[in-house]
Amino acid sequence: MSLRVVTLVSEGFHPETQRPRRADCDARALDMALQLPGARVSALHAGDPASPALRDYLGMGLTDLTVLEVARECDVGAALIDYLANEKPDVILAGQQADQSETGGFLPYKIAQELRYLLLPMACSMQIDGDAVEILQARPKGKRRRLKAALPAVITVSPAAPAPRQVAFAKQRRGHIDAKKVSAHDQSAPLTIAPAKRRPKGARRVDADLSPEERLKAVAEMAGKQGEVLSGLSPEDAADKLLTYLTSNGFITPTSPQATEKDNH
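Residues numbered from 1 in each chain as written. Predicted model: local features only at pLDDT ≥ 70, side-chain atom pairs only at ≥ 80, totals over all residues. Heavy atoms only, no water.

Peer 1: How should the packing of helix H3 (residues 76–87) against helix H4 (residues 107–115) be read in this particular structure?
Peer 2: Any two packed helices are characterised by how steeply their axes cross, that is the angle between the axes, and by the distance between the axes. Their axes nearest at 10 Å, the elements H3 and H4 cross at an angle of 45 degrees. Considered as vectors, H3 and H4 are oriented oblique to each other. Considering the relative orientation of H3 and H4, their crossing is right-handed. Contacts between H3 and H4 involve Gly 77, Leu 80, Ile 81, Leu 84 and Ala 85 from the first element and Leu 107, Lys 110, Ile 111, Glu 114 and Leu 115 from the second. Residue composition of the contact of H3 with H4, grouped by class: seven nonpolar, one polar and two charged. (Axes fitted to C-alpha atoms, helices over the stretch in contact; angles between N-to-C directions. Helix = DSSP H or I, 4+ residues; strand = E, 2+ residues; numbered from the N terminus. Parallel < 35°, antiparallel > 145°, perpendicular 65-115°, else oblique. Left-handed = near helix turned anticlockwise from the far one by under 90°. Contact = heavy atoms within 4.5 Å. Nonpolar A, V, L, I, M, F, W, Y, C, P; charged D, E, K, R; others polar.)

Structure (structure tokens):
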């Protein structure tokens, strides 16, 4: 039985001219899928089948592209989930981020949750070995790590993945867009305005060379430290408290009184 791979594709726009084109991360995902040996690769889009950007994906070598006709004000996620639940592909590929969207890249996570698929994020490359998939994951500062999981799986492709192949004009013209009418619900909802919440401070780093017991103790000590609220102090007392805190924590170097008096003279 051959491997079934579905790549989710979206409309993209050139950052300078704003002309419609393939979305960068989605194109990288489709190119990654097309390189899998023996896989049955298809592409899926929810939106307007007349979008000129979709022809770019056909120009990468696809013979056809499936489009679920969903209006912009409708929930494309529900339409995609219903379709994928019936198709049951082995691998679902998607770009880590869209070129333009109102969401924050959560759609692949929602699909994985609803279909009960494992999700592997930020892939730079992938390999299929039997019933398992292995990816090379992009990490901050150019780092990489390997992740392996059982199929079926949802994989999001990083902008750090290899650039996609060029679009062939003849393939663009020959390719077929298969539009399907689907029912979708309006996702419009009234906006809620609320005061912004204060962001939590990041945890301090603990030395990686410490033993697990020492690291746990260090984290507990950091969590146990509480700040001191000062109120009702005179300006002189408040300044003394602040100076004591800064010198005790190494923010400033303490100055001897004799040196201060000498400088004043």
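Peer 1: Just to check I follow, could you spell out a nonpolar patch on the surface for this structure?
Peer 2: On the surface, Leu 243, Tyr 245, Phe 251 and Ile 252 cluster together into a nonpolar patch covering about 420 Å² of accessible area. In this structure, Tyr 245 sits in helix H7 (residues 235–248). On the accessibility criterion, Tyr 245 (47% relative accessible area) is partly exposed. (Patch = residues over 30% accessible without salt bridge, like charges linked within 9 Å, V, L, I, M, F, W, Y side chains within 5 Å. Areas by Shrake-Rupley, 256 points an atom, 1.4 Å probe, with all protein chains shown as cover. Salt bridge = Lys/Arg side-chain N within 4 Å of Asp/Glu carboxyl O. Buried < 20%, exposed > 50% of the residue type's maximum accessible area, 1.4 Å probe, protein only.)

Peer 1: I would appreciate a short explanation of the pattern of salt bridges in the present structure.
Peer 2: When their charged atoms lie close together, side chains carrying opposite charge are able to pair. Counted by the stated rule, this structure contains six salt bridges. A salt bridge links Glu 134 to Arg 146, with the shortest nitrogen-to-oxygen separation between them at 3.4 Å. Within this pair, whereas Glu 134 is found in strand E8 (residues 132–138), its partner Arg 146 is found in strand E9 (residues 144–150), the two being separated by twelve residues in sequence. Classification of Glu 134 as partly exposed rests on a relative accessible area of 23%.

Peer 1: Could you clarify how one ought to interpret the pairing of strand E5 (residues 64–69) in this entry?
Peer 2: Moving residue by residue along a regular strand, the side chains alternate between the two faces of the sheet. Across four bridges, the pairing between strand E4 (residues 40–47) and E5 is parallel. By the bridge assignment for E5, Ala 46 is matched with Leu 68. One ladder, built from six bridges, connects E5 with strand E11 (residues 176–181); its direction is parallel. Bridge assignment links Val 67 to a residue of E11, and that residue is Ala 179. (Pairing = 2+ DSSP bridges.)

Peer 1: It is not clear to me how the nonpolar core should be interpreted in this structure. Could you clarify?
Peer 2: Nonpolar side chains in soluble globular proteins tend to end up buried together. Among the nonpolar cores identified, the biggest contains 20 residues, and Val 5, Val 91, Leu 93, Met 126, Val 133 and Ile 155 are the most heavily contacted of them. Counting residues per element, the ones that place at least two in this core are helix H1 (24–34), strand E6 (91–95), strand E7 (118–129), E8 and strand E10 (153–157). Excluding anything up to four places from it in sequence, Leu 93 contacts Val 5, Val 6, Thr 7, Leu 8, Ala 29, Ala 33, Met 126, Ile 155 and Val 157. (Core = buried A, V, L, I, M, F, W, Y, C linked by side-chain atoms within 4.5 Å.)

Peer 1: I'm lost on unusual backbone geometry in this one. Help?
Peer 2: Comment: phi is negative for the bulk of residues other than glycine, and the bulk of peptide bonds are trans. Geometrically, the link from Leu 151 to Pro 152 is a cis peptide bond, its omega value of 0 degrees lying close to zero. When you line up the elements, Pro 152 lands in the loop between E9 and E10. Notably, Lys 88 is not glycine yet its phi reads approximately 55 degrees, a positive angle. Following the sequence through the fold, Lys 88 ends up in the loop between H3 and E6.

Peer 1: Quick question: what am I supposed to make of the sheet that holds E9 here?
Peer 2: Hydrogen bonds between backbone groups are what pair the strands of a sheet, and the pairing can be parallel or antiparallel. Read from one edge of the open sheet, nine strands run E9-E8-E7-E10-E6-E1-E4-E5-E11, paired in mixed fashion. Both edges of this open sheet fall to E9 and E11, since each of them pairs with a single strand only. Across this sheet, the average inter-strand angle for adjacent strands is 35 degrees, counted without regard to direction. As judged from the four bridges shared by E7 and E10, these two strands associate in the parallel manner. Across the sheet, the residue bridging to Ala 123 is Val 157, located in E10. Of the strands in this sheet, strand E1 (4–8), E4, E6, E7 and E10 touch H1, which is tilted by about 150 degrees from E6.

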